[in-house]
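Coordinate analysis (summary)
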Amino acid sequence: MTDSVTITERAARRIGQILKSEGDGAMLRISVEGGGCSGFQYKFDVDRAKAEDDLVISREDAVVLVDPASAPFLAGSELDFVDDLIGASFRVVNPNATASCGCGTSFSI
């Protein structure tokens, strides 16, 4: 199941920078919550506690956690980091999403 979510090199580099500034034991947690303009939304948090049933994805200095309830919504997704004219942000390319909002943080299935 660890290959169900991938992290691009750009995202791994940026996550590594963020986690380094947070100190030892920091990990990035991605979760899916109800809400947002399309039904579900992505949530990003720095976490120091890993649950036994968390999905753990590692690449370079990046460690990403996904809880078991969010994992099916993120299956097959790719986490990328983009820095363009409208700003810098993480972007989830989710093959399960049938629609998304303009800001890219909300989606529906």
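Below you will find a few notes about this structure. (Residues numbered from 1 in each chain as written. Predicted model: local features only at pLDDT ≥ 70, side-chain atom pairs only at ≥ 80, totals over all residues. Heavy atoms only, no water.)

**So, the sheet that holds strand 6 (residues 77-84)**
Taken in spatial order, the three strands make up an open sheet running 1-6-7, and their pairing is mixed. Every other strand in the sheet has two partners, leaving strand 1 (5-7) and strand 7 (87-93) as the edge strands with one partner each. Sheet twist, expressed as the mean angle between neighbouring strand axes with direction ignored, is 25°. Pairing geometry for strand 6 and strand 7, over seven bridges, is antiparallel. Across the sheet, residue Asp 83 finds its bridge partner in strand 7, namely Ala 88. Along the sheet, helix 1 (residues 9-22) contacts strand 1, strand 6 and strand 7; its crossing angle with strand 6, the most-contacted strand, is approximately 75°. (Pairing = 2+ DSSP bridges. Helix = DSSP H or I, 4+ residues; strand = E, 2+ residues; numbered from the N terminus. Axes fitted to C-alpha atoms, helices over the stretch in contact; angles between N-to-C directions. Contact = heavy atoms within 4.5 Å.)

**Digging into the pattern of salt bridges**
All told, the structure shown has seven salt bridges when counted by the stated rule. Across the pair Glu 9 and Arg 13 runs a salt bridge whose closest N-O atoms are separated by 3.2 Å. Remark: Arg 13 and Glu 9 occur in helix 1; sequence separation between them is four residues, near one turn of the helix. A relative accessible area of 42% places Glu 9 in the partly exposed class. The partly exposed category is assigned to Arg 13, whose relative accessible area is 43%. In this structure, Lys 43 engages Asp 45 in a salt bridge whose closest nitrogen and oxygen atoms are separated by 3.6 Å. The class of Lys 43 is partly exposed, set by a relative accessible area of 33%. Within this structure, Arg 29, Asp 47 and Asp 54 form a network of salt bridges that share partners. (Salt bridge = Lys/Arg side-chain N within 4 Å of Asp/Glu carboxyl O. Buried < 20%, exposed > 50% of the residue type's maximum accessible area, 1.4 Å probe, protein only.)

**Observations regarding unusual backbone geometry**
A positive phi is found at Glu 60, a non-glycine position, where the angle reads about 55°. By the secondary structure assignment, Glu 60 is in the loop between strand 4 (55-59) and strand 5 (62-66).

**A look at the nonpolar core**
Formed by 22 residues in total, the largest nonpolar core has its most connected members in Ile 7, Ala 11, Ile 15, Ile 57, Val 64, Leu 74 and Leu 79. Among the secondary structure elements, those contributing two or more residues to this core are strand 1, helix 1, strand 2 (27-34), strand 4, strand 5, helix 2 (71-74), strand 6 and strand 7. Considering each element in turn, this core owes the most residues, four residues, to helix 1. Ignoring any residue separated from it by four or fewer positions in sequence, one finds Ile 15 in contact with Ile 7, Leu 28, Ala 62, Val 63, Val 64, Leu 79 and Phe 90. (Core = buried A, V, L, I, M, F, W, Y, C linked by side-chain atoms within 4.5 Å.)

**Points about the packing of aromatic side chains**
Summed over the entire model, instances satisfying the criterion amount to three aromatic pairs. Taking 4.8 Å as the distance between ring centres and 40° as the angle between the ring planes, the aromatic pair formed by Phe 40 and Phe 73 counts as tilted. One end of the pair, Phe 40, is in strand 3 (residues 40-47); the other, Phe 73, is in helix 2, and 33 residues separate them in sequence. On the basis of relative accessible area, Phe 40 is assigned to the partly exposed category, the value being 26%. Take Phe 73: its relative accessible area is 25%, and that puts it in the partly exposed class. (Phe/Tyr/Trp six-rings, centres within 6.5 Å; stacked < 30°, edge-to-face > 60°.)

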